[in-house]
Every structure is written in structure tokens, then in C-alpha cells.
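Report on the structure
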Amino acid sequence: MKLFIDTANVDEIRKAHELGVIAGVTTNPSLIAKEGRDFFATVKEIASIVGNLPISAEVISLKADEMVEQGKKLAGLGENIVVKVPMTEDGLKATKRFTEMGIKTNVTLIFSSTQALLAARAGATYVSPFVGRLDDINQIGMNLIKEISNIFAVHNISSEIITASVRHTAHVIEAAVIGADIATVPYKVIQQMVKHPLTDAGIERFLADWEGAKQSVF
Ligand code: E4P
């Protein structure tokens, strides 16, 4: 399973990219708004950090024609820009048109497998089911990842599944075990994935023993 970072914060993207663990970036209008910066300038800066990795940038309009116009502008920023489109009828129409134009798409706000199937049939490069938001309403978000993974496998569907709305490391582990293609995770979850108390304790013990042995190799 590949890891994408889910943020529009360029410092977080830079730090995660330096770790060598991320294969893409996803943003959304809320994440962009949180940074309080120009949208296009932010996407360009993200591209300057991650090079050719896929970067999802979302259209704002709810009308297919306008989505296509906005998406074309975003796609003009680079071949690795993935146009993120909401899962609506207009979103599907726009996805079909982007597919015909060779523009990659990420159909977002997916909360059912029928939505995922429709998005895939419209040509979506990626589909983004939101597990955390389903958990929030007392449903088991990860069941949706299982169901979509099964449907896509049985029908040889090539759209990649991005497990989105990831809130903690358990989501990442479950998505990986199920076989999701990608999990897009906030920077703080990447930090949580790095840490283990036994690693910290182990480092402390090694250094204390080394100190006790009075070695001076370094
Ligand atoms: C995915 O592409 C979205 O940006 C994101 O995962 C939404 O997560 P949230 O439910 O934590 O806002």
C-alpha cells in the first residue's frame, strides 16, 4: 500500500517527502483554506517539493462545465496534477470528460460502494472513500474499503482506492491489511507511525551502555 500525505501545509509535505515515504499528496478546499494562501501558488509550491508525484487539487464548482474549466486550469500546472472532483452527477460528467482529455481524476467524498463503482466507470484514476467520517456517524468506515476492494478485484477495475479521512494508525494498518492501494494520511499520523515506546527505550539503553563502555570511536 502506498502512502500519500493529506495536507496543504508545505512544511509538512517537505518533512514527509524527506523521509522518503510518500508517493503523493492530497489536498481539499478545507486544507487549502486552513493555510490562508493562494490556491495556485500553494499547488505550485507543493509540486516544487514533490516533483512528479501525484498531487490532488479539488475543483470548487458544482456544475460539470465549470468543473471542467477549473480542472483544466489545475491540470495545466503539471502532468502530475490530479483533479479532485466531488461524487455527484455533475462530478461524474466532469470525470468522464477529464478521462477523455487524458486528465487524471480523484473522485472524492465517497461513502458507498455504488458511488465508488460509478466513479470508476466514469474513468476515475482514484476513488477516495472517507473512513473517518463514516466512523464519526457510527458506521464502520473500513467495511467500505473492504467492499470496494472486493468489487474492484472481481471486476478487474483499475481505479486505485485511496483510503481517506484517516484519523489514526489503526486505520492505516487496517487499510493495508485489506489491500487498499493507497492511504492518504495527515502528517501527525505519519509521525505516530514512526514512534514506538520500545524503540525509544531501546535507543536509550544502547546509548547508556555505550556511554558506560567509554568508547570513543566517534
Ligand atoms: C481526502 O482526500 C480528504 O482530503 C481527507 O482525507 C478528508 O479527511 P477528514 O475527514 O479528516 O477531513
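Residues numbered from 1 in each chain as written. Predicted model: local features only at pLDDT ≥ 70, side-chain atom pairs only at ≥ 80, totals over all residues.

Under the convention used in this document: UniProt positions are given in the numbering used here, feature names are shortened, and annotations may be inferred rather than shown by experiment.
In the nomenclature of an unreviewed UniProt entry, the protein chain corresponds to Probable transaldolase from the organism Paenibacillus gyeongsangnamensis. Quoted verbatim from the Subcellular location (unreviewed entry) heading of the UniProt record, the comment on the protein chain is "Cytoplasm".

1. Here we look at the overall build of the protein chain
What counts is decided by this rule: Secondary structure elements follow DSSP: runs of H or I no shorter than four residues count as helices, runs of E no shorter than two count as strands, and numbering proceeds from the N terminus. Buried means a residue has 20 or more other C-beta atoms within 10 Å of its own C-beta, exposed means 12 or fewer, and partly exposed covers the counts in between; C-beta atoms are placed from the backbone.
For the protein chain, the count of helices and strands is 11 helices and eight strands. Overall size of the protein chain, expressed as C-alpha extent along the three principal axes, is 70 × 40 × 30 Å. Each of the 218 residues in the protein chain was classed as buried or not, and the buried ones make up 39%.

2. Re the site of the ligand
To keep it simple, the criterion reads: Each residue receives a C-beta atom placed from its backbone. It is near a molecule or strand if this atom lies within 6 Å of it. Only Asp, Glu, Lys and Arg are considered charged, only Ala, Val, Leu, Ile, Met, Phe, Trp, Tyr, Cys and Pro nonpolar, and every remaining residue, Gly among them, polar.
The full set of residues close to the ligand is Asp6, Thr26, Asn28, Thr108, Ser128, Phe130, Gly132, Arg133, Ala164, Ser165 and Thr184. Here the residues of the shell around the ligand are counted per class, giving two nonpolar, seven polar and two charged.

3. Here's the deal with the pairing of strand E1 (residues 2-6)
Our working rule: Strands are treated as partners if at least two bridges between them are detected by DSSP.
Burial of E1 is extensive: four of the five residues sit out of reach of the surface. For E1 and strand E2 (residues 25-26), the ladder comprises two bridges, and the chain directions are parallel. Directly across from Asp6, in E2, lies its bridge partner Thr26.

4. Examining the nonpolar core
This is how it is decided: Among buried residues, those of type Ala, Val, Leu, Ile, Met, Phe, Trp, Tyr and Cys that are joined through C-beta atoms within 7 Å form a set called a nonpolar core.
One finds Val83, Ala119 and Val127 to be the most contacted residues of the largest nonpolar core, which totals 52 residues. It is helix H8 (residues 141-154) that provides the largest number of residues to this core, a total of five residues.

5. Observations concerning the environment of Val25
We count it as follows: Contact between residues is assigned whenever the C-beta positions, reconstructed from backbone atoms, fall within 7 Å.
Along the chain, Val25 falls in strand E2. Classification of Val25 by C-beta neighbours within 10 Å gives buried; the count is 28. Residue contacts for Val25: discarding those within four places in its chain leaves Phe4, Ile5, Ile13, Ile46, Val50, Leu53, Ile55 and Ser56.

6. What about the pairing of strand E3 (residues 55-58)?
Stated formally: Consider the strands pointing away from the viewer: the crossover is right-handed when the path from the first strand over the helix to the second runs clockwise.
Here E3 shows a buried face lined by Ile55 and Ala57 and a second buried face lined by Ser56 and Glu58. With two bridges joining them, E2 and E3 adopt parallel strand pairing. Residue pairing for E3: Val25 is matched across the bridge by Ile55. Note: E3 against strand E4 (residues 81-86), four bridges, orientation parallel. What sits directly across from Ile55, in E4, is Ile81. Each parallel crossover has a hand, and for E3 linked through helix H4 (residues 64-75) to E4 it is right-handed.

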